[in-house]
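Examination of the molecular architecture
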There are 6 protein chains.
Amino acid sequence: MPRLDMPLPELTQYRPAVSEPADFDAFWQRTLAESRLHPDEPRLTRVDSPLSEVEVYDVTFNGFAGDPVKAWFMLPVDRAGFLPARLPAVVEYNGYGGGRGFPHEHLGWVASGYAYLFMDTRGQGSGWGSGGDTADPHGSGPAGSGFMTRGIQSPDDYYYRRVFTDAVRAIDAVRTLDRVDPERVTVCGGSQGGGIAIAAAALSTGLVAAMPEVPFLCHFERAVGMTGNDPYQEVVRYLAVHRDEVEQTFATLSYFDGVNFAKRATAPALFSVGLLDPVCPPSTVFAAHNHWAADADIEVYPFNEHEGGQGHHFVRQAAWLARQLAG
Amino acid sequence: MPRLDMPLPELTQYRPAVSEPADFDAFWQRTLAESRLHPDEPRLTRVDSPLSEVEVYDVTFNGFAGDPVKAWFMLPVDRAGFLPARLPAVVEYNGYGGGRGFPHEHLGWVASGYAYLFMDTRGQGSGWGSGGDTADPHGSGPAGSGFMTRGIQSPDDYYYRRVFTDAVRAIDAVRTLDRVDPERVTVCGGSQGGGIAIAAAALSTGLVAAMPEVPFLCHFERAVGMTGNDPYQEVVRYLAVHRDEVEQTFATLSYFDGVNFAKRATAPALFSVGLLDPVCPPSTVFAAHNHWAADADIEVYPFNEHEGGQGHHFVRQAAWLARQLAG
Amino acid sequence: MPRLDMPLPELTQYRPAVSEPADFDAFWQRTLAESRLHPDEPRLTRVDSPLSEVEVYDVTFNGFAGDPVKAWFMLPVDRAGFLPARLPAVVEYNGYGGGRGFPHEHLGWVASGYAYLFMDTRGQGSGWGSGGDTADPHGSGPAGSGFMTRGIQSPDDYYYRRVFTDAVRAIDAVRTLDRVDPERVTVCGGSQGGGIAIAAAALSTGLVAAMPEVPFLCHFERAVGMTGNDPYQEVVRYLAVHRDEVEQTFATLSYFDGVNFAKRATAPALFSVGLLDPVCPPSTVFAAHNHWAADADIEVYPFNEHEGGQGHHFVRQAAWLARQLAG
Amino acid sequence: MPRLDMPLPELTQYRPAVSEPADFDAFWQRTLAESRLHPDEPRLTRVDSPLSEVEVYDVTFNGFAGDPVKAWFMLPVDRAGFLPARLPAVVEYNGYGGGRGFPHEHLGWVASGYAYLFMDTRGQGSGWGSGGDTADPHGSGPAGSGFMTRGIQSPDDYYYRRVFTDAVRAIDAVRTLDRVDPERVTVCGGSQGGGIAIAAAALSTGLVAAMPEVPFLCHFERAVGMTGNDPYQEVVRYLAVHRDEVEQTFATLSYFDGVNFAKRATAPALFSVGLLDPVCPPSTVFAAHNHWAADADIEVYPFNEHEGGQGHHFVRQAAWLARQLAG
Amino acid sequence: MPRLDMPLPELTQYRPAVSEPADFDAFWQRTLAESRLHPDEPRLTRVDSPLSEVEVYDVTFNGFAGDPVKAWFMLPVDRAGFLPARLPAVVEYNGYGGGRGFPHEHLGWVASGYAYLFMDTRGQGSGWGSGGDTADPHGSGPAGSGFMTRGIQSPDDYYYRRVFTDAVRAIDAVRTLDRVDPERVTVCGGSQGGGIAIAAAALSTGLVAAMPEVPFLCHFERAVGMTGNDPYQEVVRYLAVHRDEVEQTFATLSYFDGVNFAKRATAPALFSVGLLDPVCPPSTVFAAHNHWAADADIEVYPFNEHEGGQGHHFVRQAAWLARQLAG
Amino acid sequence: MPRLDMPLPELTQYRPAVSEPADFDAFWQRTLAESRLHPDEPRLTRVDSPLSEVEVYDVTFNGFAGDPVKAWFMLPVDRAGFLPARLPAVVEYNGYGGGRGFPHEHLGWVASGYAYLFMDTRGQGSGWGSGGDTADPHGSGPAGSGFMTRGIQSPDDYYYRRVFTDAVRAIDAVRTLDRVDPERVTVCGGSQGGGIAIAAAALSTGLVAAMPEVPFLCHFERAVGMTGNDPYQEVVRYLAVHRDEVEQTFATLSYFDGVNFAKRATAPALFSVGLLDPVCPPSTVFAAHNHWAADADIEVYPFNEHEGGQGHHFVRQAAWLARQLAG
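All values derive from a computational prediction rather than experimental measurement.

Looking at the relation of the copies chain A and chain C
Relating one copy of the chain to the other requires a rotation about an axis plus a shift along that axis. Rotating chain A by 120° and translating it 0.0 Å along the rotation axis places it on chain C, where the RMSD comes to 0.0 Å. Taken together, these values place the two copies in the relation of a three-fold axis. Across chain A, the rotation axis passes nearest the C-alpha of L4 of chain A, at a separation of 6.4 Å.

Below is the structure:
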């Protein structure tokens, strides 16, 4: 894909006005309060895996409406007690369509000495990879293929209300675990996982850091119709049919816009962006980064598309996060 | 698309063995019995439309689990009582992803003097056309984009269990209407609509005829993996992730295979098929046609893909149906 | 397709200068005068169709050079004389590559109580749909595939000279019919049909209204080379070969530019436009709309491509046209 | 493109039955006789070109119905009379959509010491290359884009009736020229040009040789629907619309099938074929080769698509033709 | 991609004759002997990485012609000496176009308690992922884009002669390391890495096992031209230009065909195959598996393309390898 | 492709600043000086070809590092001594991926009375056409498919250092030939050949003219990332993997940028450009043209893509070159 967005100097200054509903905070307070009526403590089962050097647990925690949500929780095996009693933790959210797969597919942070929780995304997990295990027991009104337009007729019914709530509840859950230091929890994720991380960071308190990579779900008013690629294009296709619902659709989406969450962020953040990204156009990423209410860095990958920094970026994240924890 | 299936002489003889679960009939009897605990009678509202020559009603009937399902019901305006008191009726089901749209988009059968009901497909109606109005209030386990794999983990939860039940209930509903002759009801539809018509014909009694065009949802064991096109390819993508669920997936699908319904058909049928159809390969259509337990004709369109006979086929259907009603 | 043209506020102000030949009016006066040497009255044959509620006539009228051009003419069956003796009429032109097909494919206006004529496009009717029946007995110089470059070496020989003349003569013909009110004729059509409707509206007198949808054949100097999609791209391919004919080609096209016809319009118009239309880019549609010399409205479909408003737009057209006729 | 046709051993034996109309010979005798009422002698004009080493003439000869058809005629400049008074001649026909372009684009045979005539294809010459100069003054009934379906409603009106007649008349014309030895004329061409060469070879007498490369227009009953590529696909699209004209269409095409011409060939032939050719599938080429009634060789390019042997093949043709002329 | 190869029952029996040069063994003995003139011992440098739980070494060993080849060598950190002094080792080769990237991208086997070496592929490492670090200092004759045709004019110059030799030398190198048990070395890899693993297994002695996934570089005579996908298609493109080199090209490739290596295998193998794989068609994988001269299992992924089993397959490999080591 | 670059009036004024290394001239002086240590005189062998009217020689000359480079040298056969003793010469370079092929594929300039040398491009000649014959005996560090990134880690190792040197040495070689007038040598070529011609023109002295068509290898800082097409996209893919090498990569490329060569040109030039060219965007061509230090014309083809002017342009080149030689 050739360059399709503003030049970098404009991107770094791009801080657009984004629609924000008057009851944004009330909506989320109510939403979280209702879900927090269910217990925080997850159910953990030790998993027998080939990973002799890793303790692996199959986790079920209470998500939106108390729905059971699956995750993997992992720690380095510590045969002789060399590691601290409580470890800093990283909570990761997944990209669009993927499932939690297998524990051996998520080893980077554990091998770096962190406690680590990888959350399954409800209803997803059948598009690529090794599969998901979490149902989304809520139906929807008429919707296109994909998850982007399920329940888009109202903020209460919208799919990502449930997912973002799950994400906050995953943080709640991990903080209850013996081996986790609840004061040193970081969230991360790429693409959809980055969008979820942004929301979770804004809706939680006391996080050490957030590390959204090439985040999705930011600045819908620009993204929808700017790129012809899914998943944003799912909204275009929906509106191409539901020609009378343009206003309501964007009203719903404004409750879920990463930019509105960024304005409420309290933890420092490390973003990444690919300047040739045709899936999550760079201006939509910078919109969230430039509105981030706490400290924010961004790694710019000038010749990458949506894959962003990949392995290179993990190295940068690990160093940056070590500095945050040291700081 | 070039030819991709057997030559026509083989197709006309193709009558494959297709997996059939032992409790196929029990499953559907139980399913329909449960849904028939809800009343048959639909709610009708006269609609104000530009169609001065057509009586148009917005219909809501009780579908699977009593869920409200929308439809349009239409009759020729009969200002001076020239038409019979009760008209023969045509019930039509829609193609994949479409919604009931507007009444003026469904005028052929009404202009030909039939009472006509067009059923919305639950949850769909956002992929093309003018939109749907029917929710599917049931969630699902992990599933791919699209509707093909929702609830595919078991026959009880599978999406098409709800849709096929809706389709039978639409027939039940139309038969309660004053202006409809309940002994002269025909079902039709193209692609997904054809697959639904096949199921509805097998699960209902006393229909005059069924007219499935280029039907989808037939002979899954051949179709899935034979064509790379959606919606069959949705199942391929699901199984490409859920590598351990091949057996269960086809076990579920066997309850919904048009071939198994065809074996139970009691009304005469007029099929159509496009010999270059890369979406619903001809052999899968002939599999249903050749297993049809009652009289069955098929119009072969040798150089058409999935569009099949389009306007040409309506002319043939109208003549064929007139003969059935006359006969 | 992502957005590819100006933002809406600029589009609504976009009123470009477009080349207009000095003898534009003389050219068309001469052209029409020559064709009007042939009689106006069409030949009508009642057609036996399944449409019991519609009177259907197979029409042949004298088009350009008196060439026979086919059409369907339809009226609501009026068994008891409830309808007025003369009905308002709608004349519709077809999209690129399509034929008149079957009467049952054109029921919206008849079901709404109008007399209705659907004109076949000479030489076309083999690209999609159910087929055309009208020859174009005129050959051409070297030309690409498609119709866009046939005879493009001079305005006299250009293919659309014949088509636009046919379109005017279709109006002439429908006005001669007993059941039609010649003072209440409206023209419409989508894409190529919209472009023809614009020309026919400008070249006829006394029309009630024109309703071009997502019109093609407007503002060639911008459209050719701006979009890579056919049919405009046919001209690009022609000029990519005939590198010395750029000037002559656009000189020819200037006699057929919808913008030049719009400047001469006398009837009110309802346009439509899809803001993501990659076939007929929005600015080319707005160019015609903004130059329209009579009253003009436009329905904007912000997330549609070339399909525009489809069923939604018919509802808006029907209401708008009723207001024009009432007005 | 991967392999899509029979393995080579089967191809070399493939000699299918192909429909042949009873009046095939009568049709072509009548056709040629009518066109031969016009004079054979072409009009030649010496052309001023940069080609100092080549005599170049702009040729106009009488084609079908006496229509003027353009060609280039070229000879090596022979400043001192070293060359024979009469040279052997090569007549070449062009691929689909191309025009005669410029003389400097056709230098191979002239540089090899032949008199050379390159025929423009009527109506074509706007699809690729440098342009054509020959009109096709005959219109047609409804037809798709492209040339394949123009007049396909009857053999008399079919486009290739005119083109094949032009091709025979080009041979007649070149034989009248002073510098050409009329007993030593060879025809050649690639793709459409190969198909024309086959027809011209069968419809002419006394040729030295024919050299069709990857010929098009052979074995329509197999080719149409076997490959999804144009131009054969043009016929598929036509029949996908004109669903009732399958029989008539193939009846027309049988008068133009290269296999039926091959059965009547009297000159030796050198064919070529690309075994991965998705445009003119190898079996259709072998069908013509294997039916060739005179001696026939074929160069097989096992890993080429429709480009066939290109520069490699010219070397083989030149050597083969030299042997034919020497023999 | 739809199914493109034989049905599974035929695949499991498919054991084709494949060309084998008379001096195959001599060629490889000479090749290895020459490279083994350079020392076996690699140069290791401890790497500072975020991976606190893994010992990471940057390795340089002597490959073909003594050229320096890079690798990563990794072990679990063993703070208290719980692990055995010498670990079983896994040597992995990479897919086409990829580089060794970062250590954190290769954690599965280390986390499972193995010593692990990941070899860089010379000259590659710029197509995807995080980059390679190994030059290929040998030029080539005319070649297409990609690596498949470099030096294909003779076995001595062919690119994969160097790569396969590197692969054998990687095994030699890892066996010299203190922490590795030289009697318990296993090779693995996917796609190109699978093809390399097959060659390395046949050219080495005393391996515990080989685990090629969806291997490339097998049964060239079938693969080249059967699939239109790279990298096999690189050979097609080469031969489409070098039309006279077909025989020589396949003669060269026969020295590198995985089937010929399989015939010489001495270690047990676990293959994998995707039945919809359009890159390495299943029959080419089964050809190698079915010719494997030692015990061989194969995991069949019926609905996967070239991605094969991914995370699922690692689980199966880990269990299978544990059994081999236990056995 | 639709328009993708600036409007023509801006293009004609576009004269961007382009990075130029301080030692640009020193680098090339050193490079050429080293290669000129090898003799200038080529080895010529008369070739037996079908081209009776052309003297054809197979040429081998000493290129970069004295590596043998192949070419064709051709003259008109001059049986009676009508031509001058020494002819003006044209040296042509080839497009990306092509080889010198056959002599009969390069006849235009010879037929126009010029001595003509067509240089093979080292290592290339396997991508299209009839094949190349010149090895590139130099290996490289990690590189992508294609030639664009071979040795891109430093100017000394970069592939085009060798190619540009070959191009200069081809001029040196042709000037040694008896039949060539060394004062009247012109360079030309299209795409890559145009880029090479620009470099060769700047690095040679005393040329009559340069005629680069749609030149590649100009203004890398804009081209790389502006178009998504190869070969520029090869650099994007490289940098998408080697994320840390952006600066070094563009530093290397600055030694090879056509704009920097244009600034040093001394011979008049005729450029060509296609305004819809998605491979070598028009602004990159104009950047070189507008910086050309001597007289420069440009033929603009407004509706062409990368094919540019083709046969039309040869006519214009021939006339322009005749004027240069006459002047």
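Section: the relation of the copies chain A and chain B
Rotating chain A by 180° about the axis while translating it 0.0 Å along that axis superimposes it on chain B, leaving an RMSD of 0.0 Å. Within this description, the copies of the chain are treated as partners about a two-fold rotation axis. Distance from the rotation axis, computed per C-alpha, reaches its smallest value in chain A at G139 of chain A: 2.1 Å. Here 100% of the interface residues in chain A have copies in chain B that are interface residues too; the copies meet face to matching face.

Observations concerning the environment of V241 of chain F
Within the secondary structure, V241 of chain F sits in helix α7 (residues 232-241). Taking the C-alpha atoms as reference points, V241 of chain F and G144 of chain F, separated by 97 residues in sequence, lie 9.6 Å from one another. Not counting residues up to four positions away in its chain, the partners in contact with V241 of chain F are H312 of chain A together with G125, S126, G127, W128, G129, S130 and G131 of chain E.

Concerning the interface of chain A and chain B
With 32 residues of chain A at the interface, the matching set in chain B holds 32 residues. Buried area between chain A and chain B, summed over both chains or domains, comes out near 1900 Å², and the portion from carbon and sulfur atoms is 48%. Of all residues in chain A, S126, P142 and V241 of chain A bury the most surface against chain B, accounting for 29% of the area lost on that side. Connecting chain A to chain B are 0 salt bridges. Run the count over chain A and chain B and you get 12 residue pairs in polar contact (both at pLDDT 80 or more).

Here we look at the UniProt feature "active site" (unreviewed entry) in chain A
All names here are of chain A. Within this numbering scheme, the UniProt entry marks S191, D277 and H306 as carrying the feature "active site" (unreviewed entry). Taken together, the annotated residues stretch across 116 residues yet fold into one region, lying no more than 10.8 Å apart by C-alpha. Within the secondary structure, S191 is located in the loop between β7 (180-190) and α5 (192-203). With residues up to four places along the chain from it excluded, the contact list for S191 reads E213, V214, P215, F216, C280 and H306. We classify D277 as buried; its relative accessible area is 0%. Not counting the four nearest positions on each side in its chain, D277 is found in contact with L4, V214, P282, N304, E305 and H306.

Considering the interface of chain A and chain C
Counting residues at the interface gives 16 residues for chain A, matched by 15 residues for chain C. The contact between chain A and chain C buries some 1000 Å² in all, and 51% of this surface belongs to carbon and sulfur atoms. Looking at the side of chain A facing chain C, the largest losses of area belong to G225, R243 and D244 of chain A, adding up to 48% of the total buried there. On inspection of chain A and its partner chain C, the count reaches 1 salt bridge. Summed over the shared surface of chain A and chain C, the result is 7 residue pairs in polar contact (both at pLDDT 80 or more). Elements with a minimum of two residues in the side of chain A that touches chain C: α6 (220-223), α7 (232-241) and α8 (246-254) of chain A. With 5 residues, α7 of chain A is the single largest residue contributor to the side of chain A that touches chain C.

Examining the UniProt feature "binding site: substrate" (unreviewed entry) in chain A
Residues and elements named next belong to chain A. In the numbering used here, UniProt assigns the "binding site: substrate" (unreviewed entry) feature to Y96. Locating Y96 in the fold gives a position in the loop between β4 (87-93) and α3 (108-111). Here Y96 falls in the buried class, since its relative accessible area comes to 16%. Aside from chain neighbours lying at most four places away, what touches Y96 is Q124, W128, G146, F147, M148, Y160, Q192, F216, P231 and E234.

Here we look at the pattern of salt bridges
Inspection of the entire model under this criterion finds 132 salt bridges over all chains. One salt bridge connects R162 of chain D with D136 of chain D, and the closest N-O pair in it is separated by 2.8 Å. Placement of the pair is R162 of chain D in helix α4 (residues 159-175) and D136 of chain D in strand β6 (residues 136-140), with a sequence separation of 26 residues. The class of R162 of chain D is buried, set by a relative accessible area of 4%. One salt-bridge network, held together by shared partners, links D67, R122, D136, R162 and D166 of chain A.

A look at the environment of V90 of chain D
Residue and element names in this part refer to chain D. Here V90 is to be found in strand β4 (residues 87-93). Between the C-alpha atoms of V90 and A26, which are 64 residues apart in sequence, the distance is 28 Å. When neighbours within four sequence positions are excluded, V90 is seen to be in contact with W109, Y114, A115, Y116, L117, T186, C188 and L321.

Describing the sheet that holds strand β4 (residues 87-93) of chain C
Residue and element names in this part refer to chain C. Across the sheet, 9 strands lie side by side as β1-β2-β3-β5-β4-β7-β8-β9-β10; this open sheet has mixed pairing. Of all strands in the sheet, those bounded by a partner on one side alone are β1 (43-46) and β10 (296-301). For this sheet, the mean inter-axis angle between neighbouring strands, taken without regard to orientation, is 20°. The pairing of β4 with strand β7 (residues 180-190) spans 6 bridges and is parallel.

A short note on the sheet that holds β4 of chain A
Residues and elements named next belong to chain A. If you trace the 9 strands from one edge of the open sheet to the other, you get β1-β2-β3-β5-β4-β7-β8-β9-β10, paired in mixed fashion. The strands lining the two open edges of the sheet, one partner per strand, are β1 (43-46) and β10 (296-301). Strand-to-strand twist of the sheet, defined as the mean angle between neighbouring strand axes without regard to direction, takes the value 20°. Bridge analysis of strand β2 (residues 54-62) against strand β3 (residues 68-76) gives 9 bridges, and the strand direction is antiparallel. Each bridged residue has a counterpart across the sheet, and for N62 the counterpart in β3 is P68. Against the sheet, α5 engages β4, β7, β8 (209-213) and β9 (269-274), with an angle of about 140° to β7. Across the sheet, helix α10 (residues 282-291) touches β9 and β10, and the angle it forms with β9 is around 165°.

Each value, and the rule that gives it
- Residues numbered from 1 in each chain as written.
- Chains lettered and ligands numbered in written order.
- Predicted model: local features only at pLDDT ≥ 70, side-chain atom pairs only at ≥ 80, totals over all residues.
- Heavy atoms only, no water.
- Least-squares fit on C-alpha atoms with pLDDT ≥ 70 in both.
- Contact = heavy atoms within 4.5 Å.
- Helix = DSSP H or I, 4+ residues; strand = E, 2+ residues; numbered from the N terminus.
- Buried area = accessible area lost by both parts, 1.4 Å probe.
- Salt bridge = Lys/Arg side-chain N within 4 Å of Asp/Glu carboxyl O.
- Polar contact = N/O pair within 3.5 Å; in protein donor to acceptor, adjacent residues only side chain to side chain.
- UniProt positions renumbered as here; feature names shortened; annotations may be inferred.
- Buried < 20%, exposed > 50% of the residue type's maximum accessible area, 1.4 Å probe, protein only.
- Pairing = 2+ DSSP bridges.
- Axes fitted to C-alpha atoms, helices over the stretch in contact; angles between N-to-C directions.

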